[in-house]
Amino acid sequence: MLSITLARSTTQRNLANRTMTTTTTADRLADARAALDAVGQGHLLAQAEGLSDEQRERLLNEVECIDWPEVARLIESHVRQKPAFALSGDVAPAPFYPAKPADDAQAEKYDQARAAGEQLLRDGKVAAFVVAGGQGTRLGWDAPKGTFPASPIREAPLFQLFAEQLLKLHAKYGAVVPWYVMTSPINHAPTVAFFEEHDYFGLSPEDVMLFPQAMMPAIDMQSGKCLLAAPDALALSPNGHGGSLKALYASGAIADMKQRGVTQISYFQVDNPLIDIGDPLFLGLHRLDGAQMSSKSLPKRDAMEKVGNFALVDGKMSVIEYSNMPDELATQTDADGNLEFNAGSIAIHVIAVDFVASLNEGEHGFSLPWNRAEKKVSFFDGAETVDPASPNAVKLETFVFDALPMCERSIVLETVREDEFGPIKNAPGDGVQDSPDTAKQLQVDRAKRWLSHAGVRCDDGSWVEVKPTTAVCADDLEKLDLPARIEATSRVVI
Ligand code: UTP
């Protein structure tokens, strides 16, 4: 495994650098106190003197990792008031490449793109990047989400399914696809332990890099004060998947990619077992069109589906969150009655390494818009831990798709929902969508489609799993020795 560095912002590094020149804990405490008093958050260290040396050290480490002036600004803009979202400028549906080419010229371009994408994979220019720093509260799994048993028969955990795809891509294209895994300080240690216990699922540990994203304090909704989780701990939560664009750089992952000659990052979320990490068509279209950050989309189920909407805002590629999308735009149709804004975002991207580097190396750094989420957060009130019955705190997050408008060029490729999108968001339950059960069914259905494409008859009721080491697309099954028929009562792993 490669080196691990805690992601820190410039201001955080400045505070940390100051602590390198001050040696005693008393000096560190004085520095931290000054930083907190300056922004009205001095209460966080009110009991610091009464803590053990170890506890004080722990609390100081956390305080020194936060950009307090930024937190103070955000309390004014996002906690003391709800930021108003005003969609301004010229808003038009974003153009996208359809899942199936529309005409012969486009079919030719798709062929060229597939060849270009395969070449990128053969040349070792592609890295896999999974964002796995979320808290997965809806699923309620008491471990990092990537450890969740997700496949239909083997019950292989999500991390294993991704690793198996990478092994297959290596075998297919003869080049390593190095894997970067963003965790959070909360789930970093158990994630690393899981990889170690499973021997990196057969991958070479030098080709896997795990690094934590940065955190933000949870803030009391009424008072605007940051919360303590314990006398020696801030109430912290990961700063959103948008934090990945800074963490990739601060961790040294971008430098590592450059050193390996990697130019493109295949970005995906930890909860989607159907992800196609090395899709040559997507990689190739992004490359041929000279895009910096590209996206996959799905046709929306209906006008109001709760997914982000791809749009051009003043000519810039953007995703408008469903909650910010005016109904009259969401429901707008063309002359044929089709939704104008029909391209929904599914958090699958290809991102150029140089783009992430340039964002971070710009003279003034970069920032993504912050989003406010109201959550129940347990806190230490100075005497005991309080578990609130209703949302009491604001958590602040940035979203990765908000980097799209910063691109010179960005493309969108439509994909087929059943083939590539089966997120595990919710705990199982009758009729619950995006659950482990729906994701398993989607995996089985796709496996059967791939098998029937290869001439295998799969009876209704059969249950099939295709291991990613066997196939990452239907064509991979073609030359294999497969059964002619899979009977209704069979459970088969191929
Ligand atoms: P979700 O928005 O589904 O959030 O994350 P979540 O935290 O996993 O789950 P809930 O909302 O608490 O139930 C989408 C993807 O972004 C990652 C998640 O790990 C998931 O892959 N993510 C989210 C991060 O890596 N960091 C974050 O701060 C937030």
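So, here's what we can say about the structure. (Residues numbered from 1 in each chain as written. Predicted model: local features only at pLDDT ≥ 70, side-chain atom pairs only at ≥ 80, totals over all residues. Heavy atoms only, no water.)

Quick look at the packing of aromatic side chains
Considering all chains together, one arrives at 13 aromatic pairs under this definition. When the ring of Phe-129 is compared with that of Tyr-267, the centres are 5.8 Å apart and the planes differ by 70°; the resulting orientation is edge-to-face. In this pair, Phe-129 is assigned in strand 2 (residues 126–131) and Tyr-267 in strand 10 (residues 264–269), connecting sequence segments 138 residues apart. What makes Phe-129 buried here is its relative accessible area of 0%. Tyr-267 sits in the buried class, given a relative accessible area of 0%. Here Phe-162 and Phe-268 contribute two aromatic rings whose centre-to-centre distance is 5.0 Å and whose plane-to-plane angle is 70°, an arrangement assigned as edge-to-face. Linking Phe-162 in helix 6 (residues 158–173) with Phe-268 in strand 10, this pair joins segments that are 106 residues apart in sequence. The ring centre of Phe-366 lies 4.8 Å from the NZ or CZ of Lys-246, which sits over that ring. (Phe/Tyr/Trp six-rings, centres within 6.5 Å; stacked < 30°, edge-to-face > 60°. Helix = DSSP H or I, 4+ residues; strand = E, 2+ residues; numbered from the N terminus. Buried < 20%, exposed > 50% of the residue type's maximum accessible area, 1.4 Å probe, protein only. Lys NZ or Arg CZ within 6 Å of the ring centre and 35° of its normal.)

A short note on the environment of Gly-284
Positionally, Gly-284 belongs in helix 10 (residues 280–288). The class of Gly-284 is buried, set by a relative accessible area of 0%. Separated by 124 residues in the primary sequence, Gly-284 and Glu-408 place their C-alpha atoms 17 Å from one another. Beyond its immediate chain neighbours, meaning those up to four positions away, Gly-284 contacts Ala-113, Ala-116 and Gly-117. (Contact = heavy atoms within 4.5 Å.)

Regarding helix 2 (residues 25–37)
Taking 1.5 Å of rise per residue, 13 residues should cover 18 Å, and helix 2 covers 18 Å from first to last C-alpha, within 8% of that figure. All of the buried residues along helix 2 are Arg-28, Leu-29, Asp-31, Ala-32 and Leu-36. When helix 2 is viewed along its axis, its buried side chains cluster within an angular range of 160° and face the same direction. (Expected span 1.5 Å × (residues − 1). Arc of directions from axis to C-beta.)

Details of the site of the ligand
Near the ligand you find 19 residues, and of these Val-131, Thr-137, Gln-213, Gly-240 and Lys-425 are the closest. Here an oxygen atom of the ligand sits 2.7 Å away from a polar atom, N or O, in the main chain of Gly-240. Alone, the ligand offers 570 Å² of accessible surface; in the complex the protein occludes 87% of this. Of the residues contributing to the shell around the ligand, the split by class is five nonpolar, 10 polar and four charged. (Near = heavy atom within 4 Å. Polar contact = N/O pair within 3.5 Å; in protein donor to acceptor, adjacent residues only side chain to side chain. Areas by Shrake-Rupley, 256 points an atom, 1.4 Å probe, with all protein chains shown as cover. Nonpolar A, V, L, I, M, F, W, Y, C, P; charged D, E, K, R; others polar.)

Remarks on the pairing of strand 4 (residues 208–212)
Counting buried positions along strand 4 yields five of five residues, so the element is predominantly enclosed. Of the two faces of strand 4, the one lined by Val-208, Leu-210 and Pro-212 and the one lined by Met-209 and Phe-211 are each fully buried. As paired strands, strand 3 (residues 179–183) and strand 4 are joined by five bridges and run parallel to one another. Bridge assignment links Thr-183 to a residue of strand 4, and that residue is Pro-212. Handedness of the crossover is the feature at issue here: the chain leaves strand 3, passes through helix 7 (residues 188–197), returns alongside strand 4, and the resulting connection is right-handed. (Pairing = 2+ DSSP bridges. Right-handed = clockwise from strand over helix to strand, strands pointing away.)

Considerations on the sheet that holds strand 6 (residues 219–220)
Read from one edge of the open sheet, three strands run 6-18-15, paired in antiparallel fashion. In the strand order of this sheet, the two ends are held by strand 6 and strand 15 (370–375), each with one partner. Bridging between strand 15 and strand 18 (residues 393–398) involves six bridges; their strand directions are antiparallel. Considered in strand 18, the bridge of Trp-370 is made with Thr-398.

Comments concerning the side chain of Arg-446
Among the structural elements, Arg-446 can be located in helix 14 (residues 436–453). One buried charged residue, Arg-446, remains without a salt bridge, the closest side chain of opposite sign being Asp-419 at 5.8 Å. Of the polar contacts made by the side chain of Arg-446, one reaches the backbone oxygen of Asp-419; its length is 2.8 Å. Once residues within four sequence positions are removed from consideration, Arg-446 is found in contact with Pro-273, Leu-274, Glu-418 and Asp-419. (Lys, Arg positive; Asp, Glu negative; His and termini not counted. Salt bridge = Lys/Arg side-chain N within 4 Å of Asp/Glu carboxyl O.)

Looking at the nonpolar core
In this structure, Phe-159, Phe-162, Trp-179 and Phe-195 are the most contacted members of the largest nonpolar core, which totals 51 residues. Elements represented by at least two residues in this core include exactly helix 5 (104–122), strand 2, helix 6, strand 3, helix 7, strand 4, helix 10 and strand 14 (343–352). (Core = buried A, V, L, I, M, F, W, Y, C linked by side-chain atoms within 4.5 Å.)

Things to note about the pairing of strand 12 (residues 309–313)
Buried residues dominate strand 12, accounting for four of its five residues. Bridge count for strand 1 (residues 91–93) against strand 12 is three bridges, and the pairing is antiparallel. Note on strand 12: the bridge partner recorded for Val-91 is Val-313. In sequence, strand 12 turns back onto strand 13 (residues 316–320) through a hairpin of two residues, with Asp-314 there showing a positive phi of about 50°.

Points about the environment of Asp-220
Locating Asp-220 in the fold gives a position in strand 6. For Asp-220, a relative accessible area of 15% puts it in the buried group. For the pair Asp-220 and Arg-56, spaced 164 residues apart in sequence, the C-alpha separation works out to 23 Å. Among residues more than four places away in sequence, those in contact with Asp-220 are Val-79, Lys-225, Leu-227, Asn-392 and Ala-393. From its side chain, Asp-220 meets the backbone nitrogen of Gln-222 in a polar contact 3.1 Å long. Within the structure, the side chain of Asp-220 is placed 2.8 Å from the backbone nitrogen of Ser-223, a separation counted as a polar contact.

Some thoughts on helix 4 (residues 68–79)
Here helix 4 has its buried residues at Trp-68, Glu-70, Val-71, Leu-74, Ile-75, His-78 and Val-79. Projected down its long axis, helix 4 carries its buried residues within an arc of 145°, all on one side.

Some details on unusual backbone geometry
You will see that Tyr-200, though not glycine, has its phi angle at about 55°, which is positive. Examined against the element boundaries, Tyr-200 turns out to sit in the loop between helix 7 and strand 4. A residue is classified by how much of its surface remains accessible, and Tyr-200, at 7% relative accessible area, is buried. Not every positive phi belongs to a glycine, and Ala-347 is a case in point at roughly 60°.

Some details on the pattern of salt bridges
Within this structure, the stated rule accounts for 26 salt bridges. With its nearest N and O atoms 2.8 Å apart, the salt bridge here joins Arg-154 to Glu-164. Remark: Glu-164 occurs in helix 6 and Arg-154 occurs in the loop between strand 2 and helix 6; sequence separation between them is 10 residues. Where Asp-256 meets Arg-260, a salt bridge forms, and the shortest distance between an N and an O atom there is 2.9 Å. Pair noted here: Asp-256 and Arg-260 are both in helix 9 (residues 253–260), with a separation of four residues, about one helical turn. Taken together, the salt bridges that share partners define one network made up of Arg-28, Glu-57 and Glu-64.

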